[in-house]
Amino acid sequence: MRKRVNRKIAVAFAAAFVVSGCTASPRPSTLSPPPAVQLSAAGAVPAPAALPPVASGAYHMRPGDTLKLRFLFHKELDTTAEIREDGQITIPGLGDFLASGLSTEQLESNVYRRASLTYRDPQVAVVVSRPTDFRAYVGGEVRKPGFVELREGMTSLRAIFESGGFLDTAKVDHVLHVRWGEQGAYSARVVDLKRALETGDMSADVALGPNDVIFVPKTAIANADLWVRQYLIDLIPLREPTTRIDDFK
């Protein structure tokens, strides 16, 4: 009987916590991986890294999300944690838990099982208090250099337009696209957007992924990789992939 009553209290606690305890409730992501880019004269553009899946309305947490964990009967375990790049969080007194790719309900279940080894009826509520966002960077000869939020179908040309468009000094047929790989590696290529502007042929345009960089130069770029190493590494945010908005403020 006591366990049944505790369960009812826990359900009411979790509902009240979600309604009143979080001012920035998570929103289901509508961003899906950009479509693969068509072949152009410069070759095939690799598809951007797929974003974490979201299934049937359930928000799947990802690195950079900030979580609030509140325990009904064990306030000493309450904590706020950010999901690290390895996908895990740390709960003092309980250790590390994988959070990336899980829903809040799945994480609650995992925490409950482990905490039950030490604590009696450790009912826990998990809330994503601050979801991370995906962004790409646009720099060089554009009117408003900076970060743009990635949305479905975002391409290099659309990102440039969101950054105010080209300056008169822009070399539109030698736009540099940089994409991050694993462990800080990157690939760079030159994209010709002149045809897209003049004829509407979008075959050379590039679908953007998280942390991609679009750089519009004043002069022609002959070797993309060499140009990145010589001119861009210390000038624009070419770093290991990170999607936290606060990192760039």
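First things first, this report covers the structure right here in the doc.

## Notes on the overall build of the protein chain
Helix and strand counts for the protein chain stand at 5 helices and 10 strands. Counting all 249 residues of the protein chain, 44% fall into the buried class. Looking at the protein chain alone, contacts between residues at least 24 apart form 60% of all its contacts between residues at least 6 apart.

## Considering unusual backbone geometry
The residue D121 is not glycine, and still its phi comes out positive at about 50 degrees. As for its position among the elements, D121 is in the loop between helix 2 (104-115) and strand 5 (124-130).

## Topic: the pairing of strand 6 (residues 135-140)
As a general feature of sheets, a regular strand has side chains that alternate between the two faces. Here strand 6 lies mainly inside the structure; 5 of its 6 residues are buried. Where strand 6 hands over to strand 7 (residues 146-149), the hairpin turn is made up of 5 residues, counted between the paired strands. With 4 bridges joining them, strand 6 and strand 10 (residues 213-216) adopt parallel strand pairing. Counted as the bridge partner of G139 is F215 from strand 10.

## Considering the sheet that holds strand 9 (residues 186-191)
The strand order across the open sheet built from 5 strands is 7-6-10-8-9, with neighbouring strands paired in mixed fashion. Unpaired on one side and paired on the other, strand 7 and strand 9 mark the two borders of the sheet. For this sheet the average axis-to-axis angle between neighbouring strands, irrespective of direction, equals 20 degrees.

## Some points on the packing of aromatic side chains
Scanning the model with the defined rule gives 1 aromatic pair in all. Both rings, one in Y137 and one in F147, keep their centres 5.2 Å apart while their planes meet at 70 degrees; by these two values the pair is edge-to-face. Of this pair, Y137 sits in strand 6 while F147 sits in strand 7, placing them 10 residues apart in sequence. On the basis of relative accessible area, Y137 is assigned to the buried category, the value being 14%. Residue class for F147 comes out partly exposed when judged on its relative accessible area of 28%. For R114, the ring lying beneath its charged end belongs to F97, and the centroid distance is 3.8 Å.

## Here we look at the pairing of strand 4 (residues 95-98)
Strand direction decides the pairing type here: strand 3 (residues 88-91) and strand 4, joined by 4 bridges, are antiparallel. From the neighbouring strand, Q88 faces strand 4, where its bridge partner is L98. Here strand 3 hands over to strand 4 after 3 residues, with G93 in that stretch at a positive phi of 95 degrees.

## A few points about the pattern of salt bridges
The full count for this structure, using the stated rule, is 3 salt bridges. The shortest N-O distance in the salt bridge between R84 and D86 comes to 3.5 Å. The class for R84 is partly exposed, based on a relative accessible area of 31%. A salt bridge links D212 to R179; the shortest N-O distance between them is 3.0 Å. In this pair, D212 sits in the loop between helix 4 (194-199) and strand 10 while R179 sits in strand 8 (residues 175-180), placing the two residues 33 residues apart along the sequence. Through salt bridges with shared partners, a single network forms among R84, D86 and D96.

## Observations concerning the sheet that holds strand 1 (residues 66-71)
With respect to topology, 3 strands assemble into an open sheet ordered 2-1-5, the strand pairing being antiparallel. Taken across any chain shown, the strands that pair with only one partner, and hence form the sheet edges, are strand 2 (79-82) and strand 5. Averaged over all adjacent pairs, the angle separating strand axes in this sheet is 25 degrees, with direction ignored. Where strand 1 meets strand 2, 4 bridges bridge the pair, whose relative direction is antiparallel. Across the sheet, residue K68 finds its bridge partner in strand 2, namely T80.

## Focus: helix 2
Given 3.6 residues per turn, any residue in an α-helix points the same way as the ones three and four places further on. Here helix 2 is 12 residues long and its end C-alpha atoms lie 16 Å apart, about the 16 Å a rise of 1.5 Å per residue gives. Against the buried residues of helix 2 lie strand 1, strand 3, strand 4 and strand 5.

What counts as what
- Residues numbered from 1 in each chain as written.
- Predicted model: local features only at pLDDT ≥ 70, side-chain atom pairs only at ≥ 80, totals over all residues.
- Heavy atoms only, no water.
- Helix = DSSP H or I, 4+ residues; strand = E, 2+ residues; numbered from the N terminus.
- Buried < 20%, exposed > 50% of the residue type's maximum accessible area, 1.4 Å probe, protein only.
- Contact = heavy atoms within 4.5 Å.
- Pairing = 2+ DSSP bridges.
- Axes fitted to C-alpha atoms, helices over the stretch in contact; angles between N-to-C directions.
- Phe/Tyr/Trp six-rings, centres within 6.5 Å; stacked < 30°, edge-to-face > 60°.
- Lys NZ or Arg CZ within 6 Å of the ring centre and 35° of its normal.
- Salt bridge = Lys/Arg side-chain N within 4 Å of Asp/Glu carboxyl O.
- Expected span 1.5 Å × (residues − 1).

Interpretation note: all reported values are geometric properties and have no functional meaning in isolation.
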